[in-house]
Amino acid sequence: MLIARRNLLGLAATGLLAAACKPAPKVVPAVSKPKVLATMSILADVAQQIGAPDLEIASLIGPDQSAHHRDPTPSELTGFGDISLLLHIGFKLEGWIDRLPESTGYSGPIIQASDGIEPILIEGRIPDPHTWQSFAGLRSYAETIAKAYIKIWPNLAPDFETRLKAYLGELETAQKAAVALLAPVRQGRRLIIVPHNSFRYLGREFGLEFRGVSSLSTGAQPSAKALADLLDEIKGAQGAACFIETEADQRLMAQIAAESGAKLGGKLYTDSLSKPDGPAGTSIKMLAYNVDTIAKALTA
């Protein structure tokens, strides 16, 4: 027993010594993902659908924030040094883009997501930037982004192509549902009254008539005559509904509805997504939600 005990103690000591001499396991540092910065939440979502989990996607303008008249702050500008790709809408929405390289030293690729989309011109000269408010616009974004990804990271091309196909499939399904929902709305003359006409591309895609109460370029309220003309136009239509974009629009749109007999149709998402758990948490959900809200108001 004593000999056995000594043998066990010797083995234990040998084991402890071996463990003590064994080199510590190497700590493998986490590989940082290439960073992609999009200028707004809707664009960032499209980029995320195609790029994640291989790329890290961030948005300069977050959910429930307006994309208009928004320049990067000094603290945000310092973050451009470690990004590999910048995505922007174009059509003069982000007026600071041309100054970015000089302001930040950023020398990476800058991709315009709306490249290839035929612009709708306001007053015959100003391109309307709200290209994301149509299925064709989101489809064009996705194809443009995937093409940029594949050019920059060709080793990941099969993954990008797979995700692009999945996104376009989901978009096609949502578009078919929208066609069915909007079919009754397209019968007769029905007006869709919004605070700002941010839905020209949706109107072009489905043959819908939108009327913006405020000027898109200045945000000024309409004159008394312009408002009276709008009320007459609404009364002459076969159906009309008023929608809001923010709570600040509620009072004016309620007044127009009361004086014209139009319905109050609820809120539409124009320049951004909702929070992830909201009704417009992704680019496709945002568009589908807007279509559903419009259809319900004009066919109820």
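Each value, and the rule that gives it
- Residues numbered from 1 in each chain as written.
- Predicted model: local features only at pLDDT ≥ 70, side-chain atom pairs only at ≥ 80, totals over all residues.
- Heavy atoms only, no water.
- Helix = DSSP H or I, 4+ residues; strand = E, 2+ residues; numbered from the N terminus.
- Buried < 20%, exposed > 50% of the residue type's maximum accessible area, 1.4 Å probe, protein only.
- Contact = heavy atoms within 4.5 Å.
- Pairing = 2+ DSSP bridges.
- Axes fitted to C-alpha atoms, helices over the stretch in contact; angles between N-to-C directions.

A. Local environment of the overall build of the protein. Along the protein, the regular secondary structure elements total 10 helices and 10 strands. When the 300 residues of the protein are sorted by exposure, 43% land in the buried category. The contacts in the protein between residues at least 6 apart in sequence include a share of 63% that link residues at least 24 apart.

B. Structural context of the sheet that holds strand β3 (residues 85-88). Strand order across the open sheet formed by 4 strands is β2-β1-β3-β4, with parallel pairing between neighbours. Looking at strand neighbours, the two that pair on one side only are β2 (56-59) and β4 (110-112), the edges of this open sheet. Ignoring which end each strand starts from, the neighbouring axes of this sheet average 25° apart. In the sheet, strand β1 (residues 35-38) pairs with β3 via 3 bridges, with the strands oriented parallel. Across the sheet, Val 36 pairs through a bridge with Leu 85, a residue of β3. Packing of helix α2 (residues 41-51) onto the sheet brings it into contact with β1, β2 and β3, and relative to β2 it is tilted by some 170°. Set on the sheet, helix α5 (residues 135-152) makes contact with β1, β2, β3 and β4; between it and β3 the angle comes to about 170°.

C. Local environment of the sheet that holds strand β10 (residues 263-267). One open sheet accounts for 4 strands, arranged β8-β7-β9-β10; its pairing is parallel. Across the chains shown, the open sheet's two edge strands, defined by having one partner strand only, are β8 (209-214) and β10. Ignoring which end each strand starts from, the neighbouring axes of this sheet average 30° apart. The sheet contacts of helix α8 (residues 224-236) involve β7 (190-196), β8 and β9 (239-244), and relative to β7 the element is tilted by about 150°. Where helix α10 (residues 283-299) meets the sheet, it contacts β7, β8, β9 and β10, and its direction lies at approximately 140° from that of β9.

Remember, this is a structural readout, not a statement about activity or role.
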